[in-house]
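Coordinates in review
Chain residues, written in single-letter form:
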Amino acid sequence: MTQDVLTDEALNTTYLIGGILAVVVVFAIAFFIIKKIGKDPKNVLPINLAGRIRIPLLIFLLSLFLKVCLFQDVFSNAELIDLVKHASTIGIIISFTWFLIVFLKVFKERLLKKYDFNTDNNLKARKVYTQFTILENIVIFILIILAIGISLMSFESIREVGLSLLTSAGIAGIIVGLAAQKAIGTLLAGIQIAITQPIRLQDAVIVEGEWGWIEEITLTYVVVKVWDKRRLVVPSTYFIENTFQNWTRKSADIMGTVFLYTDYNVSFDAIRAELTRLLEGSPLWDKQVNVLQVTDATEKSVQIRILVSAKDSPTAWDLRVYIREKLIDFIHQNYPQSLPRTRVELPQQDQNPSESVSPKPKDPSAEKE
């Protein structure tokens, strides 16, 4: 009897070692084939697919091998059997979820290759990128929640607890709903942004008085890249509940504003001619808008507003800086008397100072002498 038990254990050990070696061989062959197929640009599979599915593929093969071991009664210990059963089930669920997420990302990358972000008019591309980025996050979130739920339901104790709590699900749902009101509202705001698109990736916006560009949009927050490389992390609900400025809502091109303050005796025609010369010689200008207007006059100076246009917001920023610098230099060199100044006038006296002084009284003693 003891000899039979030892023989069975030896066979089981041999079976496990042989199975692990078979898993390693199958994994190596599958990884090599997928990598080989990915090297051909004509194939649908991307080049880096093999590296992205390496871990879930290994988890899937090991879990499948453990399932086969359970069917072959390789394990004799009841606790070990229960552990292997749950581990293999969870491993298959995780690997399948991982596969779906990877193929979802591959599908998104293939689809978005048709749209180029670097074109002058990239409104369509930004719209599609925004929609698919947010929808991808939604699908991944749902897949992970389903995977966690199915994994937990594989445990009998947790399943029984769940069934016993169904009677109080109504009250629990109300409590959880009130507690997670803000979280649910943020998720719904992210979905609403994907559908209505008040903002898109690379939009030029002004949020909380800060000028920047939409760098990232998730289900719960939006990252705004400020011009000085700072990042504003704003909740998704902000763009649904608050007013903000979107300068590239309808198109990628944008107008830039430059304000100058000069004295009254400046030559506006000369500045206007210099502005035209600078714009025509700059590759930053898109040859659409070239306007110079006097928009205000105070007791100290006049305000000159210059409107220029560029193909996108970063280019418009560079163009504004360039025009401001060159025009200030032009005024300083050619019209230095026209720089802003403060005048003070002193009133002149009508009488001669010598005449206004009273004569000195005569000395009485001098007259006697």
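Each chain has its residues counted from 1, following the order in which its sequence is written. For this predicted model, a pLDDT threshold of at least 70 governs which residues receive local features, and a threshold of 80 or more governs which side-chain atom pairs are given and counted, while totals over whole chains, interfaces and linings are taken from all residues. Only hydrogens and water are set aside when side-chain values are computed; all heavy atoms of the structure are taken into account.

1. Points about the packing of aromatic side chains
Stated formally: Aromatic rings from Phe, Tyr and Trp, with only the six-membered ring used for Trp, were paired whenever their centres fell within 6.5 Å, and each pair was classed as stacked if the ring planes differed by under 30 degrees, edge-to-face if by over 60, and tilted otherwise. Secondary structure elements follow DSSP: runs of H or I no shorter than four residues count as helices, runs of E no shorter than two count as strands, and numbering proceeds from the N terminus.
Evaluated as defined, the whole model comprises 5 aromatic pairs. When the centroid spacing of 5.7 Å and the interplanar angle of 85 degrees are considered together, the rings of Phe 60 and Phe 96 count as edge-to-face. A residue pair is termed long-range when its members are at least 10 positions apart, and Phe 60 in helix α3 (residues 54–71) and Phe 96 in helix α4 (residues 78–112) qualify at 36 residues. Taken together, the aromatic side chains of Phe 60, Phe 96 and Phe 99 make up a single cluster linked through ring pairs.

2. Observations regarding the packing of helix α10 (residues 268–280) against helix α11 (residues 313–334)
Applicable threshold: The convention used is that axes are lines fitted to C-alpha atoms, helices contributing only their stretch in contact, and that angles between N-to-C directions extend from 0 to 180 degrees. Note on terminology: angles under 35 degrees are roughly parallel, angles over 145 are roughly antiparallel, angles of 65 to 115 are roughly perpendicular, and the others are oblique. By definition, turning the near helix anticlockwise from the far helix through less than a right angle yields a left-handed crossing, and turning it clockwise yields a right-handed one. By definition in these notes, contact holds between two residues if any of their heavy atoms fall within 4.5 Å.
Axis separation between α10 and α11 bottoms out at 10 Å; the angle between their running directions is 135 degrees. By the angle between their directions, the pair α10 and α11 is classed as oblique. Here the hand of the crossing between α10 and α11 comes out right-handed. Residue-level contacts link Ala 270, Ile 271, Glu 274, Leu 275, Leu 278 and Leu 279 of α10 to Leu 319, Tyr 322, Ile 323, Lys 326, Leu 327, Phe 330 and Ile 331 of α11.

3. What to know about the packing of α3 against α4
The relative placement of two packed helices is expressed as an angle between their axes plus a distance between the axes. Quick note on the threshold: Classification used: nonpolar for Ala, Val, Leu, Ile, Met, Phe, Trp, Tyr, Cys and Pro, charged for Asp, Glu, Lys and Arg, polar for all others including Gly.
Closest axis-to-axis distance for the α3/α4 pair is 8 Å, and the angle between their directions is 145 degrees. Both α3 and α4 take part in a crossing whose hand is left-handed. Packed against α3, whose contacting residues are Ile 55, Pro 56, Leu 57, Ile 59, Phe 60, Ser 63, Leu 66, Lys 67 and Leu 70, the element α4 presents Ile 81, Val 84, Lys 85, Ala 87, Ser 88, Thr 89, Gly 91, Ile 92, Ser 95, Phe 96, Trp 98 and Phe 99 at the interface. Classifying every residue of the contact of α3 with α4 gives 14 nonpolar, 5 polar and 2 charged.

4. A few points about the nonpolar core
Across soluble globular proteins, nonpolar side chains have a tendency to be buried as a group. The criterion, for reference: To form a nonpolar core, buried Ala, Val, Leu, Ile, Met, Phe, Trp, Tyr and Cys residues must be joined to one another through side-chain atoms within 4.5 Å. Remark: exposure states derive from per-residue accessible area (1.4 Å probe, protein chains only) relative to the maximum for the residue type, with buried under 20%, exposed over 50%, and partly exposed in between.
Ranked by internal contacts, the top residues of the largest apolar core, which has 19 residues, are Ile 199, Ile 214, Ile 217, Val 224 and Phe 239. Apart from residues no more than four positions distant in its own chain, Ile 214 is found in contact with Ile 199, Arg 200, Leu 201, Gln 202, Asp 203, Val 205, Val 222, Val 223, Val 224 and Phe 239. Counting residues in hydrophobic clusters, the runner-up holds 18 residues, among them Val 258, Leu 292, Ile 304 and Leu 319.

5. A look at the environment of Asp 318
With respect to the helices and strands, Asp 318 occurs in helix α11. For Asp 318, a relative accessible area of 41% translates into the label partly exposed. In sequence terms Asp 318 and Trp 285 are 33 residues apart; their C-alpha atoms lie 9.9 Å from each other.

6. Topic: the side chain of Asp 203
Basically, it comes down to this: Two N or O atoms count as a polar contact when they lie within 3.5 Å, although within protein this holds only if one can serve as hydrogen donor and the other as acceptor, and sequence-adjacent residues are included solely when both atoms are side-chain atoms.
Mapped onto the fold, Asp 203 is located in the loop between α8 (181–196) and β1 (204–207). Among the residues examined, Asp 203 registers a relative accessible area of 0% and is labelled buried. Only 3.1 Å separates the side chain of Asp 203 from the side chain of Asn 246, close enough to count as a polar contact. With residues near it in sequence (within four places) discarded, Asp 203 still touches Arg 126, Pro 198, Gly 212, Trp 213, Ile 214, Asn 246 and Thr 248.

7. Focus: α11
Residues spaced three or four apart along an α-helix point in a common direction, a consequence of the helix completing one turn every 3.6 residues. In plain terms, the rule: Helix span is expected to be 1.5 Å times the residue number reduced by one. The arc refers to the directions leading from the helix axis to the C-beta atoms.
Taking 1.5 Å as the rise per residue, α11 with 22 residues should run 32 Å; its terminal C-alpha atoms sit 31 Å apart, in good agreement. Listed in full, the buried residues belonging to α11 are Ser 313, Thr 315, Ala 316, Leu 319, Arg 320, Ile 323, Leu 327, Phe 330 and Ile 331. Projected onto a plane normal to the axis of α11, the buried residues spread over an arc of 135 degrees and lie on a single side. Here the buried face of α11 lies against β1, β2 (210–217), β6 (254–262), α10 and β8 (302–310).

8. Points about the confidence of the model for the protein chain
To be explicit about the condition: Think of pLDDT as the predictor's per-residue confidence, scored from 0 to 100.
Of all residues in the protein chain, 75% have pLDDT values of 70 or greater, and the mean over the chain is 77. Confidence, expressed as mean pLDDT per element, reaches its minimum in the protein chain at helix α12 (residues 364–368) with 49 and its maximum at α10 with 92. Taken as a whole, residues 1–6 scores under 50 in pLDDT and shows 0 contacts with residues more than four places along the chain or in a different chain. Counting contacts from residues 165–169, a segment whose pLDDT is below 50, to residues more than four positions away or on other chains yields 0 contacts.

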